[in-house]
Amino acid sequence: MIRRIVNTIIISVIALAAKAQTDSIVATADTLPPLSGNWIQQLMQVNYRINDPRIRYPKFANFCRKVYNWGDHTFNTYDPNYVVGTGKNWKTYIKSYNWLQTYAYLFGMFNHDNAIRLHTKMNSDLGVSLNFMAVSIGYTWNVNRWMSNVRDDRSSFNFAFTCSLFSAELMTWRSRGDGYLTKFGNYQAPGNQKFSFLLPGGVDQSAFNINAYYFFNNKKYSQSAAYHYSKYQKRSAGTWLIGLSFNQQKINIDFSSLPEDVRLAVPELPLKNHYEYQDYNLMGGYAYNCVMPHNWLYNITVLPSFGYKRSHLVEKGTKEMLAANMQMKMSMTYNHRALFASGIIRFDGGLIFKKDYAFFNAMESVTILVGMRF
């Protein structure tokens with residue numbers, strides 16, 4: 001009984017994890033060399049081509065295979081004149097992931113004299129990953145800790161699933177540490193020097209985001225070609241997008257370390273600011289894959305979103321208002337046979353706006369990776 005359950009789980013994982021691949025097996029089991037061992041060993045012998053007619057599946061495992069084939073045909077079919085598979089199930093890569101948060105806000109009716117801008121330091125991670133179809137395992141090193149030998153209180157997690165019809169993503173991150181002021185109202189640094197002030201441990205932010213969106217031109221456009229490297233985009237194509245998102249943010253900014261003369265530049269600003277908001281949005285936008293000479297692929301995806309926002313600002317109370325967020329990302333990918341390299345720039349921003357204040361925060365990141373398929 002236990003063995004049957006284990007076998008069922010294994011075939012289910014393989015079927016759900018597999019990306020689109022059309023098994024071009026036209027021969028019958030009688031004309032091909034026989035396979036040895038149980039059905040799991042047979043799968044390994046044919047490099048996990050689940051539709052090989054020689055594999056002797058148990059009844060339930062065969063049912064799972066048929067369900068996967070239906071889902072693969074329904075949700076992961078492309079026009080081969082525009083998108084084709086890579087022909088490889090495995091890939092491995094090394095990546096450098098660099099990210100920071102930026103903040104800007106105004107008190108009063110967008111009075112520039114009250115504008116405040118600050119950002120965190122750049123967080124840098126170095127990671128390696130090994131992927132089989134849609135299943136991956138990897139490890140990430142904190143580069144900041146290598147450079148400064150200081151343990152940063154930060155973490156990030158990202159999970160994404162993309163097929164021809166839609167893409168879904170979950171992101172969480174937490175960062176607590178120094179903030180760097182670049183503007184604080186109308187305060188001028190002595191000697192007209194460029195204003196820059198360190199807020200030691202002054203910024204603490206955590207975020208949770210889920211979004212999913214549908215590709216209208218899903219037969220000719222592939223998001224996987226630009227960001228997951230499991231497809232090749234043969235001809236340029238774009239698509240309109242529509243979807244839903246949920247976003248939750250908790251932000252604490254502490255200005256207590258500011259000297260008295262600096263604080264007077266924006267006297268209405270509380271020394272300790274606490275922001276919380278949750279919003280539910282309708283997303284809409286456009287994505288485009290531009291196929292360039294010499295195996296280069298450029299992508300741009302722009303997704304503004306609008307909806308309902310419930311926010312809280314210290315000393316301002318809870319507000320219910322319209323949500324206005326923006327997600328934008330660009331990538332440049334190079335493919336050379338089994339090798340690939342890519343650079344990705346991403347921006348995720350949100351806005352809190354009321355007649356007496358406005359607050360904008362964003363996460364910005366740059367990713368560079370190099371890998372191979374096999």
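Rules of the game
- Residues numbered from 1 in each chain as written.
- Predicted model: local features only at pLDDT ≥ 70, side-chain atom pairs only at ≥ 80, totals over all residues.
- Heavy atoms only, no water.
- Helix = DSSP H or I, 4+ residues; strand = E, 2+ residues; numbered from the N terminus.
- Buried < 20%, exposed > 50% of the residue type's maximum accessible area, 1.4 Å probe, protein only.
- Contact = heavy atoms within 4.5 Å.
- Areas by Shrake-Rupley, 256 points an atom, 1.4 Å probe, with all protein chains shown as cover.
- Patch = residues over 30% accessible without salt bridge, like charges linked within 9 Å, V, L, I, M, F, W, Y side chains within 5 Å.
- Salt bridge = Lys/Arg side-chain N within 4 Å of Asp/Glu carboxyl O.
- Expected span 1.5 Å × (residues − 1).
- Arc of directions from axis to C-beta.
- Phe/Tyr/Trp six-rings, centres within 6.5 Å; stacked < 30°, edge-to-face > 60°.
- Lys NZ or Arg CZ within 6 Å of the ring centre and 35° of its normal.

**Some remarks on the overall build of the protein chain**
Per the secondary structure count, the protein chain includes 6 helices and 15 strands. The buried share of the protein chain, taken over its 374 residues, is 43%. Within the protein chain, contacts between residues separated by at least 24 positions form 67% of all contacts whose residues are at least 6 apart in sequence. By element, 62% of the accessible surface of the protein chain is carried by carbon and sulfur atoms, the whole surface being about 19700 Å².

**Brief notes about a nonpolar patch on the surface**
Among the surface-exposed residues, Tyr214, Phe216, Trp240, Ile242, Leu244, Leu282, Tyr286 and Tyr288 lie close enough to one another that they form a single nonpolar patch of about 830 Å² accessible area. Contributions of two or more residues to the nonpolar patch are made by β10 (237-254) and β11 (272-292).

**Here we look at unusual backbone geometry**
In this structure, Asn295 takes a positive phi of about 70° despite not being glycine. Its identity is not glycine, yet Arg337 carries a phi of approximately 55°, on the positive side. Checked against the element boundaries, Arg337 lands in the loop between β13 (317-336) and β14 (339-354).

**Examining helix α3 (residues 59-75)**
In this model α3 runs 24 Å from its N-terminal to its C-terminal C-alpha over 17 residues, within 8% of the 24 Å that 1.5 Å per residue would give. For α3, the complete set of buried residues consists of Ala61, Cys64, Arg65, Tyr68, Gly71 and Asp72. Seen from one end, α3 has its buried residues packed into an arc of 130°, which puts them on one side. Residues of α3 that are exposed and angled more than 90 degrees away from the buried face: Lys59, Trp70 and His73.

**Considering the packing of aromatic side chains**
Summed over the entire model, instances satisfying the criterion amount to 24 aromatic pairs. Feature note: the residues Tyr103, Tyr105, Phe184, Phe255, Tyr275 and Phe359 constitute an aromatic cluster, connected by ring pairs. Just above the ring of Tyr97 sits the side chain of Lys95; from NZ or CZ to the centre is 5.7 Å. The ring of Tyr227 carries the charged tip of Lys329 above its face, separated from the ring centre by 4.5 Å.

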